[in-house]
Amino acid sequence: MNREEKLNRQSRIRNFSIIAHIDHGKSTLADRILEKTNALAQREMKSQLLDSMDLERERGITIKLNAVQLKYKAKDGEEYIFHLIDTPGHVDFTYEVSRSLTACEGAVLVVDAAQGIEAQTLANVYLALDNNLEIIPVINKIDLPSADPERVRTEIEEVIGLDASEAVLASAKAGIGIEEILEQIVELVPAPEGDPDAPLKALIFDSIYDAYRGVVAYIRVMEGSVKPGDKIKMMATGKEFEVTDVGVFTPKIEMHDELTVGDVGFLTAAIKNVGDTRVGDTITNAKNGATEALPGYRKLNPMVYCGLYPIDSSRFNDLREALEKLELNDSALQFEPETSQALGFGFRCGFLGLLHMEIIQERIEREFKIDLITTAPSVIYDVINTDGTQIKVDNPSNMPDPQKIDRVEEPYVKASMMAPNEFVGAIMELCQNKRGIFIDMQYMDETRVSIVYEIPLSEIVYDFFDQLKSNTRGYASFDYELIGYKPSQLVKMDILLNSETVDALSFIVHRDFAYDRGKIIVEKLKALIPRQQFEVPIQAAIGQKIVARSTISAMRKNVLAKCYGGDISRKRKLLEKQKEGKKRMKQVGSVEVPQEAFMAVLKMDDTTPKK
Amino acid sequence: MIQSAYIHIPFCEHICHYCDFNKVFLQGQPVDQYLTMLKKEMQIALDKYPQPGLRTIFVGGGTPTSLNERQLEFLCQSINETLPFGDSVEFTFEANPGDLSEEKLAILYEAGVNRLSFGVQSFNDELLKKIGRTHRAADVYETIEKAQKTGFTNISIDLIYGLPGQTMDDFVDTLDKALELGLPHYSSYSLIVEPKTVFYNLMQKGKLQLPPQELEASMYERLMESMKRRGLHQYEISNFAKPGFESRHNLTYWNNEEYFGFGAGAHGYISERRVANYGPIKKYIVPLSDGDLPLLEEHLVPKAEKMEEEMFLGLRKTQGVSLATFKRKFSIEMTDIFAEPLREQGKRGLIEMGGGFVRLTERGRLLGNEVFQSFLGII
């Protein structure tokens, strides 16, 4: 292609994402768009195609981004090239969302005609607006009996401030309004700008590891072009590679000779580690490359830490390999070996958030078949010692002695919640219980309210989201962002089993809540730890001081006193099952402790202490 | 040599809330055909594995006494015709109190049945109703009297403890009434809620209140104490007898010896194989009609498993497992092959050694499963 042809083609490219709250119909709309553009033969359609990992499909969320190239013949007779870039819908992955939005010129905003705007939608719309994206509002699920499109239209105008008079009324499920959406994309989303002859500037908005190709980087070409054989450089890391392949997904993989301005596709270059293709980084030519990278890159830092230990200590190396494999595909995952007196050898791992943590944990258990013990998640505390030194503590058991501590600071988030006004009381009570500081409350319309609090991240990491959902019967939505550190009256709570401190059960708690939490935790542990052959005292302690205690009674009877006739195999199976159950427990000192006990501090249920 | 046979009659007029044995409602079942096939199974098996003479025969269920007189007679005849009786065979029938007419008792007695085992479970009528039994305490007295009049002396009854809503007083009352009968043998089992039972479904819904472990343990302790006071010695975890009246049939299982299992869903141990028959009556009948054994599965027991079974079955006996028998059976010292669990469980005070036997201690008897599982999967 010559320059002319490139520019002509460029004018027919439309790059867009779909923004929606979970369950508002993003995946279904994506499926319909794929269908309409004949990207797939009907038989190839697998419902919700863009969510590729099993886990994603099960949880109904998108973790890994994907981008597809589609051809659309518009009513004006021209054929347009669409790139649909998928975004993850969870708050843990805000940074990725922002990077994938950068790869677009427009975004389709899907709002449920019955439920209206939710906190997550709003957060993502703001990200899109920050990136100067043209936003196309779509009111979805208009065929629901409870749909109220006019109310939602007003909400979009009043809450977000978008002109929603042209908003498409659609039902992705029923196939209503899809063509209108596609026409609006052609009409309203600007064609990409950029000089195809300038030095290469390509934005990495995601990458995956493929066993055969190495790292596959998902890129958006902003300036210049890239083709196989080109020598490229990653501007953040300075690493250089030679391009082996470029291409697009349609959604099937399709090799191209070249990717040029406006193209969204993939690039491979025998890259061995996803850490070399960092999301948000800019790829340029190794020689005579761009001098300035695309704005917005930052290295992702984990917000939540926990210990991962194999139940079977001999599988430590398997766990290391599993983490190394997952790391190839997930540059946000961090881990380093640590030792616990109670649990032996394991890893302290850092995650973007709780969901990220659960996903990794589940993948290790499912894909690598390693039974894990996960310690309760912790945030990073800044500890300023009396001698003036400052340390970061990501593992409660590393907290210095109280007398050595001058003060402790903990990360706070700004938490935005939206819900029908009848739940305002419940939300505020919950936030107060979680040490929240009230910031703002606004009515979005007659019935819906937006509430903003500043809350310690550690409280969010506990059961905040679950409680929010249950206290508002699922109506509240929630989003948060980190705002910085503030001093807090925090103490370390130790748990003793059979008079021995179990380091893996230690946690950090606000002084005012310490007694109540201590009481709850010892009762929880009592319920979770099965009876042993001897009595096991459980104690919660701050320093030397015991603040709560409970006792697991000794096992009194465990014997098959039943007539099984001659069915000896059944007897055997029963005994084997009992023995197997024990293997899934961790021997801590002389006590056998099941997996769930280590997460007990996390699940405070409805018994969260009230101040 | 096989010296024991278990015969399963899978029919019941009522199904108890805790029972998960292979059984069906009697009504509408091809009972006669079943009994014919049962006879055929015994014939085929004895042709295949000829035996000089059986020492024990046990007819269980289900409810064997739910058969009518004619059927009962046919069953007894089949047993007599197909199974070789050794000298002084122990021939037991399980019976439901209230089911046994004088005529039925006479049929059994004539056929050589010399031991009856009644599923009494409790003497508390309320409790009996709650667990789905149809007999009442009064039926027990009546039936036992009739049985004794017929000539039966070797009579045993089963009791269950740990029932929903059962109190210590309830159980002690039942125990007293049972012992008052002065029978030579008693079995007492703890309730275990198994899947596919009424109780299990209730439990899933949170509607079954079982006594706490402490109470169940106390009931068990009380049971052992009461039996001892009455001169009934505990020869197995759940079994008590006057000397000489131990159930030889059950001892076959605990001694890890071989036995036939006849009937739908019955289990056997034949020629080093643990075998199981098809459970559903129709599936059981089909192969037999073609002259084949109705085998659902068989498992050749490897030596290691045999040794494990010698331990977890044998330790159920008060006497314990004989070191000499172990050596004779497996040509290896128990104290070598199982050195670790023996030491470990000994240290915990759950087993003891003496007189050439390893046995559970009194404490170990309450925690038997903890001991049994320690012998599994270590060879």
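The numbers attached to residues start from 1 for each chain and follow its sequence in the written order. Labels are handed out in written order, letters beginning with A for the chains and numbers beginning with 1 for the ligands. Given that this is a predicted model, residues contribute local features only at a pLDDT of at least 70 and side-chain atom pairs are listed and counted only at 80 or more, while totals for whole chains, interfaces and linings are drawn from all residues.

Going by the annotation in an unreviewed UniProt entry, the name recorded for chain B is Heme chaperone HemW, with Peribacillus cavernae given as the source organism. UniProt positions are given in the numbering used here, feature names are shortened, and annotations may be inferred rather than shown by experiment. Among the UniProt annotations of chain B, the heading Function (unreviewed entry) holds the following wording: "Probably acts as a heme chaperone, transferring heme to an unknown acceptor. Binds one molecule of heme per monomer, possibly covalently. Binds 1 [4Fe-4S] cluster. The cluster is coordinated with 3 cysteines and an exchangeable S-adenosyl-L-methionine." Chain B has a UniProt comment under Subcellular location (unreviewed entry) that states "Cytoplasm".

Under the annotation held in an unreviewed UniProt entry, chain A carries the name Elongation factor 4 and is attributed to Peribacillus cavernae. Regarding chain A, the UniProt comment filed under Catalytic activity (unreviewed entry) reads as follows: "GTP + H2O = GDP + phosphate + H(+)". Regarding chain A, the UniProt comment filed under Subcellular location (unreviewed entry) reads as follows: "Cell membrane".

A. Representation of the interface of chain B and chain A within the structure. Placing a C-beta atom from the backbone of each residue, one calls two residues in contact when those atoms lie within 7 Å. The interface of chain B with chain A comprises 35 residues on the first partner and 19 residues on the second. Counting residues per element, the ones that place at least two in the side of chain B that touches chain A are β8 (185–190), α8 (213–229), β12 (267–270), α11 (303–314), α15 (362–366) and α16 (368–374) of chain B. Of the residues assigned to the side of chain B that touches chain A, the class counts are 15 nonpolar, 13 polar and 7 charged. Segments assigned H or I by DSSP are reported as helices when at least four residues long, segments assigned E as strands when at least two residues long, and all are numbered from the N terminus. All amino acids are sorted into three groups, where Ala, Val, Leu, Ile, Met, Phe, Trp, Tyr, Cys and Pro are nonpolar, Asp, Glu, Lys and Arg are charged, and the leftover types, Gly among them, are polar.

B. Spotlight on the packing of helix α2 (residues 26–36) of chain A against helix α7 (residues 178–188) of chain A. Residue and element names in this part refer to chain A. Two elements in contact, α2 and α7, have axes whose closest approach is 10 Å; the angle formed by their N-to-C orientations is 80°. One way to sum up the angle between α2 and α7 is to call them roughly perpendicular. For the pair formed by α2 and α7, the contact residues are R32, I33 and K36 on the first element and I178, E179 and L182 on the second. Across the contact of α2 with α7, the residue classes tally to 3 nonpolar, no polar and 3 charged. Axes, fitted as lines to C-alpha atoms, cover a helix only where it is in contact. Angles between the N-to-C directions of the axes lie from 0 to 180 degrees. We call two directions roughly parallel when the angle between them is under 35 degrees, roughly antiparallel when it is over 145, roughly perpendicular when it lies between 65 and 115, and oblique otherwise.

C. Representation of the sheet that holds strand β13 (residues 273–277) of chain B. Residue and element names in this part refer to chain B. Being paired, for any two strands, means DSSP has found at least two bridges between them. The strand order across the open sheet built from 3 strands is β12-β13-β14, with neighbouring strands paired in antiparallel fashion. Pairing within the sheet leaves two strands with one partner each, and these edge strands are β12 and β14 (295–300). The sheet shows a mean angle of 20° between the axes of neighbouring strands, direction not considered. Pairing of β13 with β14 involves 5 bridges; the strand directions are antiparallel. Residue pairing across strands places N277 opposite L295, the latter belonging to β14.

D. Geometry of α11 of chain B. Given a rise of 1.5 Å per residue, 12 residues ought to cover 16 Å, and the 16 Å separating the end C-alpha atoms of α11 of chain B matches this to within 8%. Neighbour counting defines burial: a residue surrounded by 20 or more other C-beta atoms within 10 Å of its own C-beta is buried, one with 12 or fewer is exposed, and intermediate counts give partly exposed, using backbone-placed C-beta atoms. Those residues of α11 of chain B not exposed but buried are M307, E308, E309, E310, M311, F312, L313 and G314 of chain B. The inward-facing, buried residues of α11 of chain B contact α13 (568–583) of chain A together with α9 (248–254), β15 (321–322), α12 (323–330), α13 (334–337) and α16 of chain B. To estimate the expected span of a helix, count its residues, drop one, and scale the result by 1.5 Å.

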